[in-house]
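Structural features, examined
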Amino acid sequence: GDVNFLSARLKDTPEGNVDAMLAFYDRFLSLRSINVPVIAALNGHAIGAGFCVALACDMRVAAAEAKLAVNFCRLGIHPGMGATYSLPRLVGHAAASRLLLTGDTISSAEALRLGIVCDVKPAAEVLDTVMAYATSVATASHVAVKETVTTLRGDPNALKAALLREAQ
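Figured I'd write up the structure that's included with this text. Remember, predicted model here, so these are calculated numbers, not experimental data.

1. A short note on the sheet that holds strand β5 (residues 106-107)
Taken in spatial order, the three strands line up as β2-β4-β5 in an open sheet, and their pairing is mixed. The outermost strands of the open sheet, each flanked by one partner alone, are β2 (46-47) and β5. Relative to β5, strand β4 (residues 67-69) runs antiparallel, the two sharing two bridges. When the sheet's bridge partners are listed, Leu68 is paired in β5 with Ile106.

Below you can see the structure in the form of structure tokens.
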């Protein structure tokens, strides 16, 4: 995390903070506007904003050694980067509440059990696994894949509303 960026938020107006946070979110979450599936390779720890970028992807493959957490509340800040939108949609309200409110760090095995990742592999196999998924998707109908990705990602206005609330 960029501690200087967050510290600057303390000196800004509420309106300025909302604008700054929405611009920040937009930069990192622009991958959701790509009309093809985005697959994250988690070949290490994904904590906070890094985990949120992975959550914004369509699929995630994690190394067996990877650890994941959304630790915003532990840092005294509201979760951001769409975590309050993406995580409940993946794991349900109860599991999302636990992860978001406690900041618990989970193993890649637990992430698989919760449905956050679709596969767990030894670190040396993560990229090959991601490429195998990508190759499989690439051989499917491009129109069907594009439309399915759009449907799976849900209502973009719902995400925008969640991001606005997070920014506020």
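2. Notes on the sheet that holds strand β3 (residues 59-63)
What the three strands build is an open sheet, ordered β1-β3-β6; its pairing is parallel. Unpaired on one side and paired on the other, β1 (39-42) and β6 (119-121) mark the two borders of the sheet. Ignoring which end each strand starts from, the neighbouring axes of this sheet average 20 degrees apart. Where β1 meets β3, four bridges bridge the pair, whose relative direction is parallel. Within β3, the residue paired with Ile39 across the bridge is Met59.

3. Let's talk about a nonpolar patch on the surface
Taken together, Leu6, Leu75 and Ile77 make up a surface patch of nonpolar side chains, about 250 Å² in accessible area. Following the sequence through the fold, Leu6 ends up in helix α1 (residues 3-10). A relative accessible area of 37% places Leu6 in the partly exposed class.

4. Some points on the packing of aromatic side chains
Counted under the stated rule, the structure contains three aromatic pairs. Centre to centre, the rings of Phe24 and Phe28 are 4.8 Å apart; their planes meet at 55 degrees, and the pair counts as tilted. Residue Phe24 and its partner Phe28 are located together in helix α2 (residues 14-29), separated by four residues, close to a single helical turn. On the accessibility criterion, Phe24 (16% relative accessible area) is buried. Judged by its relative accessible area of 39%, Phe28 falls in the partly exposed class. Aromatic ring contacts, followed pair by pair, group Phe5, Phe24, Tyr25 and Phe28 into a single cluster.

5. Here we look at the side chain of Arg153
Residue placement: Arg153 occurs in helix α8 (residues 142-153). Residue class for Arg153 comes out buried when judged on its relative accessible area of 8%. Within polar-contact distance, the side chain of Arg153 engages the backbone oxygen of Val36 at 3.0 Å. In contact with Arg153, not counting residues within four places along its chain, are Leu31, Arg32, Ser33, Ile34, Val36, Pro37, Val38, Asp58, Tyr85 and Arg89.

What counts, and at which threshold
- Residues numbered from 1 in each chain as written.
- Predicted model: local features only at pLDDT ≥ 70, side-chain atom pairs only at ≥ 80, totals over all residues.
- Heavy atoms only, no water.
- Pairing = 2+ DSSP bridges.
- Helix = DSSP H or I, 4+ residues; strand = E, 2+ residues; numbered from the N terminus.
- Axes fitted to C-alpha atoms, helices over the stretch in contact; angles between N-to-C directions.
- Patch = residues over 30% accessible without salt bridge, like charges linked within 9 Å, V, L, I, M, F, W, Y side chains within 5 Å.
- Areas by Shrake-Rupley, 256 points an atom, 1.4 Å probe, with all protein chains shown as cover.
- Salt bridge = Lys/Arg side-chain N within 4 Å of Asp/Glu carboxyl O.
- Buried < 20%, exposed > 50% of the residue type's maximum accessible area, 1.4 Å probe, protein only.
- Phe/Tyr/Trp six-rings, centres within 6.5 Å; stacked < 30°, edge-to-face > 60°.
- Polar contact = N/O pair within 3.5 Å; in protein donor to acceptor, adjacent residues only side chain to side chain.
- Contact = heavy atoms within 4.5 Å.

No statement about biological role is implied by the geometric values presented.
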